Amino acid sequence: MSINMLNIALFGPPGAGKGTQSKLLQEKYQLTYLSTGEILRKEIAEKTELGMAAKKIIDRGELVSDELIFEIVGKRISKCLRNKGMLFDGFPRTVVQAEGLEKLLSQKGTSLTCMLSLEVPQEELIKRMLERSKLEGRSDDTPDVINFRMQEYKNKTAPVACFYKSLGKYHTVDGFGTISEVFGRVTRLIESVYPVESSSGL
Ligand code: AMP
C-alpha cells in the first residue's frame, strides 16, 4: 500500500537558509520536522554518550558517521509515517544516507517527494554564517570550521544531488533574496510537483 505524504528534503551548503525556510514550510504544510544537526546539538547539550562522541567531530566541521545518523533518525522516521509528511533538514548528507532513506521510506510504503536545493553565492553564505555565529554562538561557526564544513559539503554532500537527479526528484531554487521571496519560490516549486491545498496566507 502506498501512503500519499509530502516528504521534502532541503538541500544546500551551510548558510543557505535551510533552517529558516524549514520553519515556514513545516507551518504551512504541517510537516514533521527532522533536523539531524538540531538533534545532535540537543544530544550534546544533554551530554549523552552519543552527543559527546558527535561533539568532537562537529567542532572540527566534519560529518558524523552514517551509522550514528541512522541511530538517531531511524526510529524517529518510523514514528512519523502516519503524519502529513516530513521535512528533512541537513539529511541526507551522504549518498549512503540517501540510499538508506530511500530504503526506509519504501519499506513503509512512501517515498521522498522532492529534494529542494537552495542556491546561494559563496560570499553570501560566508557572510550569513558569520552573522549567525554572533547571534547563536554555535561553536562550529568560526571561519576555519566554516571552511572545513564547505569542503565536506563539496566532497560528500554534493554527490547526493546526483543521486536524486537520477531519480528525477532534484530541484533547485534561487536562495538569494529576502526570506519571503525565497519562501515564495520554494512553495511554488513544491506545489508544481505536489498539488496541495494552501492552508495559510503565507
Ligand atoms: P547542521 O545544523 O545541519 O549544519 O549540522 C551541524 C553539524 O552536525 C554538521 O556540520 C555535521 O558535523 C553534523 N551533521 C548534521 N547532520 C548530519 C548528517 N546528516 N550527516 C553527518 N553529519 C551531520
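Position numbers for residues start from 1 in each chain and track the written sequence from start to end. Local features in this predicted model are restricted to residues of pLDDT 70 or higher, and side-chain atom pairs are both shown and tallied only at a pLDDT of 80 or more, whereas totals for entire chains, interfaces and linings draw on every residue. As a rule here, side-chain values come from all non-hydrogen atoms in the structure, and water together with hydrogens is ignored.

Draft legend 1. Examining the packing of helix α2 (residues 36–45) against helix α4 (residues 66–79) more closely. Fitting a line to C-alpha atoms yields each axis, with helices limited to the stretch in contact; the angle taken between N-to-C directions then spans 0 to 180 degrees. Put simply, DSSP H or I for four residues or longer makes a helix, DSSP E for two residues or longer makes a strand, and each gets a number counted from the N terminus. Interhelical geometry of α2 versus α4 gives an angle of 105° and a closest axis separation of 11 Å. Here α2 is positioned roughly perpendicular relative to α4, judged by the angle of their axes. Of the residues in α4, those touching α2 at T36, I39 and L40 are L68, I69, I72, V73 and R76. Partitioned by chemical class, the residues of the contact of α2 with α4 number six nonpolar, one polar and one charged. An angle counts as roughly parallel when it lies under 35 degrees, as roughly antiparallel when it exceeds 145, as roughly perpendicular when it falls between 65 and 115, and as oblique in every other case. Only heavy atoms enter the contact rule, under which two residues are in contact if any of them lie within 4.5 Å. Three classes are used, and their members are as follows: Ala, Val, Leu, Ile, Met, Phe, Trp, Tyr, Cys and Pro are nonpolar, Asp, Glu, Lys and Arg are charged, and the others, Gly among them, are polar.

Draft legend 2. Quick look at the site of the ligand. Distances are taken per atom, and a residue is near a molecule or strand as soon as one of its heavy atoms is within 4 Å of it. Close to the ligand lie 16 residues, the nearest being T36, R41, E62, G90 and R93. Here a polar contact means two N or O atoms within 3.5 Å. Within protein one must be a hydrogen donor candidate and the other an acceptor candidate, and residues neighboring in sequence count only if both atoms are side-chain atoms. T36 has a polar side-chain atom sitting 2.7 Å from a nitrogen atom of the ligand. At a separation of 2.5 Å, an oxygen atom of the ligand approaches a polar backbone atom of E62. Exposure was quantified through the Shrake-Rupley algorithm and a 1.4 Å probe, taking into account, for residues, occlusion by the shown protein chains and nothing else. In the complex, 95% of the free accessible area of the ligand, which totals 480 Å², lies under the protein chains. Within the shell around the ligand, the residues separate by chemical class into six nonpolar, four polar and six charged.

Draft legend 3. Main features of the side chain of S117. Relative to the assigned elements, S117 resides in strand β4 (residues 114–119). Assessed through its relative accessible area of 1%, S117 is described here as buried. Among the polar contacts listed, one links the side chain of S117 to the side chain of E119, at a separation of 2.7 Å. Separated by 3.2 Å, the side chains of S117 and Y170 make a polar contact. If near-sequence neighbours (up to four positions away) are discounted, S117 is found in contact with F11, Y170, H171, T172 and V173. For the exposure calls, accessible area comes from a 1.4 Å probe over protein chains only, and a residue counts as buried if that area is under 20% of its type's maximum, exposed if over 50%, partly exposed in between.

Draft legend 4. Fine view of α4. For α4, spanning 14 residues, the distance from its first C-alpha to its last is 20 Å, which sits close to the expected 20 Å at 1.5 Å a residue. Next to the buried residues of α4 lie β2 (32–35), α2, α3 (49–60), β3 (86–89) and α5 (95–107). By this rule, a helix spans an expected 1.5 Å times one less than how many residues it contains.

Draft legend 5. Structural detail: the environment of Y164. Within the secondary structure, Y164 is located in helix α7 (residues 143–166). Note on Y164: relative accessible area 0%, which makes it buried. Sequence separation between Y164 and L116 is 48 residues; the distance between their C-alpha atoms is 10.0 Å.

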